[in-house]
Amino acid sequence: MLVAGLTSCEKFLDVNDNPNSPTTAPLTGLLGGVTYMTGMNMYYAGNQVSYYTQYLASPNPGSPIDVYDLVDASTTWTNIYDNMTDLYDMDNMAAEVGATHYQGVSKIMMAIHLSLLNDIWGDAPYSKAFTLDNPTPPYDNAQDLFNNALSLLDEGVALLQNSNTTVALSNTLDLIHKGDVNAWIRTAYAIKARLLNQLSKRPEYNPTAILQALSNAYQSSTHDAQLTTFNVRNPWAQVAVNNAGLLLDGWLSKNFVDAMNGTTFGVFDPRLPLITNLTKFGDYRGTPNGGGRVGDGTSNEESVLTTTGVYSSTNSPLFIATYFEMKFIEAEVTLPTDPARAYDAYLEGIRAHMDKLGVPAAERDDYLNHPDVAVGAGNLTLQRIMDEKYKAMFLHPGTWTDARRFDYQYTGFQLPLGAVLPTYIRRMDYPSVEKTRNGANVPAVSDLTSRLWWDQ
């Protein structure tokens, strides 16, 4: 009776517990949030570094992001860490109830976020970053972050292959792969191939391991990891809407437009009309990085992202990892030892990207058969592969990693006008939000031309 009385009293006094207001998010709800923000964080990172890869240019002369001056990427940093915190929670909650498939996808997405941190900043908080024990967590070494990402991918695959999961992935709230476990496994291998190929300057570079990962990754564009569900619209579409409302943004770099309009390579790329607008002069014109716009921004004198473009329409997909990217990786990896395979992969990368964007078949084939593109296996070069990959990876943050691996040797690539650095930018400084909250641990960055560990 005493025990019963105490129990009843305990329940009676627990008046602040609302049974209709859970204190932890359900796994399915977390899945919807983390898959959405994983796609969105590819946008946030891409919007930051697309000026360094000269996909975009500021319409204002001497803009800091154009000329390699210090810029504050606090929004990107915060969004990455907010989502990593949710991924950490989802992993732990799933482990408690044996939901191994939820664990698997959380680890794969955590690896994607670690790779963004590693590629943009280098060292970053991770191992002690997601508990309340230490509000000012120490920084993990960048190379350790990279190795952790690889381990997480392997762990994720193993968990997804466990058929004894207690909770099936939601096919409605998984906004990337719709609950398809095999699709997530392919994505893990795709990210692994990307990461292993990032080591091209390092002694541990292992082409065999990359090809093994590719063999388990995407085999067609139907396998791509992408986000197509948005709160209102694709964020690049919002950029286009803002620009149309004279909040100037989304202006295409002269370098990118020249690579597509025939100026740089002598062949017009049929993808360009699907991406941007004709100017009032009846042609395509980009804005030089650092130089700013020609007119007042209202007279259609330069090409910009449009509300009908394949990257910037309301429901345009945000690409996380794609089949066409894998084919360009295959071409790069096999070029030294198997030029015929490399050539086939190079052509397939172009073809797959054009098909993805909806280029008419006749225009696609005309481009693929042009002598400056159809160079033959014996004449294929790394330069040609990387130039074509650059065009296909438009707005993707992975291009900045490629640019540094390739030492910015894209055909026609030049320093921005008025660059404040003597050479190409190699890293970003840590954002103010982190310096304010965790300043004692933030590594000092004295030079934005200093190379990260994988870029040496």
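Residues numbered from 1 in each chain as written. Predicted model: local features only at pLDDT ≥ 70, side-chain atom pairs only at ≥ 80, totals over all residues. Heavy atoms only, no water.

## Points about the overall build of the protein
Helix and strand counts for the protein stand at 16 helices and two strands. In summary, the protein has a C-alpha radius of gyration of 23 Å against a globular reference of 23 Å for 456 residues, a match within 12%. Along the first, second and third principal axes, the C-alpha atoms of the protein reach 90 × 50 × 40 Å. Within the protein, the fraction of its 456 residues that count as buried is 55%. Here the contacts in the protein between residues at least 6 apart in sequence split such that 74% fall between residues at least 24 apart. Surface accessibility of the protein: about 18800 Å² in total, with carbon and sulfur atoms responsible for 51%. For the protein, the separation between the mean place of its 30 positive charges and that of its 48 negative charges on side chains is 3 Å. (Helix = DSSP H or I, 4+ residues; strand = E, 2+ residues; numbered from the N terminus. Rg over C-alpha atoms; globule rule 2.2 N^0.38 Å. Buried < 20%, exposed > 50% of the residue type's maximum accessible area, 1.4 Å probe, protein only. Contact = heavy atoms within 4.5 Å. Areas by Shrake-Rupley, 256 points an atom, 1.4 Å probe, with all protein chains shown as cover. Lys, Arg positive; Asp, Glu negative; His and termini not counted. Charge placed at Lys NZ, Arg CZ, Asp CG, Glu CD.)

## Details of helix α6 (residues 181–197)
Taking 1.5 Å per residue as the helical rise, α6 with its 17 residues ought to reach 24 Å, and the 25 Å between its terminal C-alpha atoms agrees with that figure. With 15 of 17 residues buried, α6 lies mostly within the body of the structure. A side-chain oxygen of the first residue of α6 lies 3.0 Å from the backbone nitrogen of N182; this N-cap is D180. (Expected span 1.5 Å × (residues − 1). Polar contact = N/O pair within 3.5 Å; in protein donor to acceptor, adjacent residues only side chain to side chain.)

## Considering the confidence of the model for the protein
This prediction gives the protein a mean pLDDT of 94; 95% of its residues lie at or above 70. Residue range residues 1–15 is modelled with pLDDT below 50. Its contacts to residues more than four positions away, or to other chains, number zero contacts. (pLDDT = per-residue confidence, 0-100.)

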